[in-house]
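Survey of secondary and tertiary structure
The primary structure of each chain is shown beneath.
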Amino acid sequence: MDLIRRVAKDLVEANYAIAFTGAGISTESGIPDFRGPSGIWTRDPEAEKRAYEIYGKFLRDPSEYWKEALRSPLYSLLEKAEPNPAHKALADLESMGILMCVITQNIDGLHQKAGSRNVVEFHGSVSKLRCIRCGSRFDKRKFIKVLESHNVPECENCGSALKLDVVHFTEPIPTDVYVKSFEEAMKCDLMLVCGTSAVVYPAAELPRVAKRNGAKIVEINLEETSLTFEGVSDYIIKGKVGENLPKIVEEVKKLRIQS
Ligand SMILES: [Zn+2]
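Just so you know, these numbers come straight off a predicted model, no measurement behind them.

On to the coordination of the zinc ion, then. Protein-derived ligands of the zinc ion are Cys131 (SG), Cys134 (SG), Cys155 (SG) and Cys158 (SG), with the metal-ligand distances lying across 2.3 Å. The site at the zinc ion holds four donor atoms, and with the angles between them running 98 to 121°, its shape is tetrahedral. Donor residues for the zinc ion, ordered by position in the chain, follow C-x2-C-x20-C-x2-C. Taken together, the positions of Cys134 in the loop between strand E4 (128–131) and strand E5 (137–139) and Cys158 in the loop between helix H9 (144–148) and strand E6 (162–164) put the pair 24 residues apart, joining distant regions of the chain.

What follows is the structure in structure tokens.
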């Protein structure tokens, strides 16, 4: 049986299937990666240095933080990006009742734009602001005027300075997102790993936790990853997520008609 049919069958038979996605699903929407050959940081090492310092900057001086955050071309680029067939396929699987949740390491909000509803953004979102004191999140659009007038946005619940919801280097993963992700990873009996080599911790722990709890792990990646080599994944479908996920959706539909 070819692997597309195999994963479609596994999905239909699963009781609780989830997806875990990474940069590879967004690069097909034209979003550059960071460390690839033409990645943002490969071309501009200074930008990487600033990325490591930006959370400390927020803690010391939120107004300096916002000056820098608003200058970054990355954030406006992400907000303009559109979902691709891979995002749409995952949203289809959710609406068919096959996929229960998407845990993403991406900050671009493309899963929601494609129609996915139960999305856990492990590293936050570029379109939201978050209070690190009380954990509240707000739609960034609410604060556009504040930001444009170079003021620091403040939490509507506790008055603290807000930052982007994006989890920066050295910043802890917000507790709610952390707890929800690990709950989902432990609950699932099938995890579709899409476009991620799962090397950034603690997110990389999620497929490993799912595996230890008996879940089947299926990778859709361009190349083998540490998950393949370590035997975490049961099998890998090699190739573009934007090509393979829509094929999987078609196969799932066929299986459902047959049964
Ligand atoms: Zn607050």
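The next thing to look at is the packing of aromatic side chains. Under the defined criterion, the tally for this structure stands at six aromatic pairs. A centroid spacing of 4.0 Å and a plane angle of 15° characterise the contact between Tyr52 and Phe169, whose relative ring orientation is stacked. In this pair, Tyr52 is assigned in helix H4 (residues 45–60) and Phe169 in the loop between E6 and helix H10 (175–187), connecting sequence segments 117 residues apart. Between Phe122 and Tyr178, the aromatic rings sit 6.4 Å apart at their centres with planes inclined by 35°, giving tilted as the arrangement. Of the two residues, Phe122 sits in the loop between strand E3 (119–121) and E4 while Tyr178 sits in helix H10, which places them 56 residues apart along the sequence. Relative accessible area serves as the criterion here: at 0%, Phe122 is assigned to the buried category. Exposure remark for Tyr178: the relative accessible area of 35% places this residue in the partly exposed category. An aromatic cluster of three or more residues is present, and its members are Phe58, Tyr65 and Trp66. The ring centre of Tyr235 lies 3.9 Å from the NZ or CZ of Arg6, which sits over that ring.

A few words on the side chain of Arg130. Tracing the backbone through its elements, the reader meets Arg130 in strand E4. Since its relative accessible area comes to 4%, Arg130 is described here as buried. A distance of 2.6 Å separates polar atoms of two side chains, one belonging to Arg130 and the other to Asp165.

Another point: unusual backbone geometry. Between Tyr201 and the following residue, Pro202, the backbone shows a cis peptide bond with an omega angle of 5°. The residue Pro202 is located in the loop between strand E7 (190–194) and helix H11 (205–212) in this model. You will see that Thr170, though not glycine, has its phi angle at about 70°, which is positive. The class for Thr170 is exposed, based on a relative accessible area of 61%. Phi at Ala198 takes a positive value of approximately 50°, unusual for a residue other than glycine. Structurally, Ala198 is set in the loop between E7 and H11. Residue Ala198 is classed as buried on the basis of its relative accessible area, which comes to 1%.

On domain assignment, one finds that the protein chain holds domain 1 (1–31 + 83–123 + 174–259) and domain 2 (32–80 + 128–164). When each unit is reduced to the centre of its C-alpha atoms, the spacing between domain 1 and domain 2 is 27 Å. Here domain 1 packs against domain 2, burying approximately 750 Å² in sum over the two surfaces, 55% of which is carbon and sulfur. In terms of surface lost to domain 2, no three residues of domain 1 exceed Ile31, Ile107 and Pro174, which account for 49% of the buried area on that side. Here Lys128 makes a salt bridge to Glu121, at a shortest N to O gap of 2.8 Å.

This paragraph deals with the pattern of salt bridges. The full count for this structure, using the stated rule, is 22 salt bridges. Residue Glu230 is joined to Arg208 by a salt bridge in which the shortest nitrogen-to-oxygen separation is 3.2 Å. Residue Glu230 is located in the loop between helix H12 (226–229) and strand E9 (235–238), and its partner Arg208 is located in helix H11; the two are separated by 22 residues in the primary sequence. Taking the shortest distance from any N to any O, the salt bridge between Glu250 and Lys253 comes out at 3.5 Å.

So, on to the packing of H4 against helix H5 (residues 62–71). Axis separation between H4 and H5 bottoms out at 6 Å; the angle between their running directions is 145°. Here H4 contributes Arg50, Ile54, Lys57, Phe58 and Arg60 to the contact with H5, which in turn contributes Pro62, Glu64, Tyr65, Glu68 and Ala69. When grouped by side-chain class, the residues that make up the contact of H4 with H5 number five nonpolar, no polar and five charged.

How each quantity is defined
Residues numbered from 1 in each chain as written. Predicted model: local features only at pLDDT ≥ 70, side-chain atom pairs only at ≥ 80, totals over all residues. Heavy atoms only, no water. Donors = N, O, S within 2.8 Å, 3.2 Å for Na, K, Ca; no water. Tetrahedral: all angles 85-135°; square planar, octahedral: opposite > 155°, others 65-115°. Helix = DSSP H or I, 4+ residues; strand = E, 2+ residues; numbered from the N terminus. Phe/Tyr/Trp six-rings, centres within 6.5 Å; stacked < 30°, edge-to-face > 60°. Buried < 20%, exposed > 50% of the residue type's maximum accessible area, 1.4 Å probe, protein only. Lys NZ or Arg CZ within 6 Å of the ring centre and 35° of its normal. Polar contact = N/O pair within 3.5 Å; in protein donor to acceptor, adjacent residues only side chain to side chain. Domains from an automatic or database assignment. Buried area = accessible area lost by both parts, 1.4 Å probe. Salt bridge = Lys/Arg side-chain N within 4 Å of Asp/Glu carboxyl O. Axes fitted to C-alpha atoms, helices over the stretch in contact; angles between N-to-C directions. Contact = heavy atoms within 4.5 Å. Nonpolar A, V, L, I, M, F, W, Y, C, P; charged D, E, K, R; others polar.

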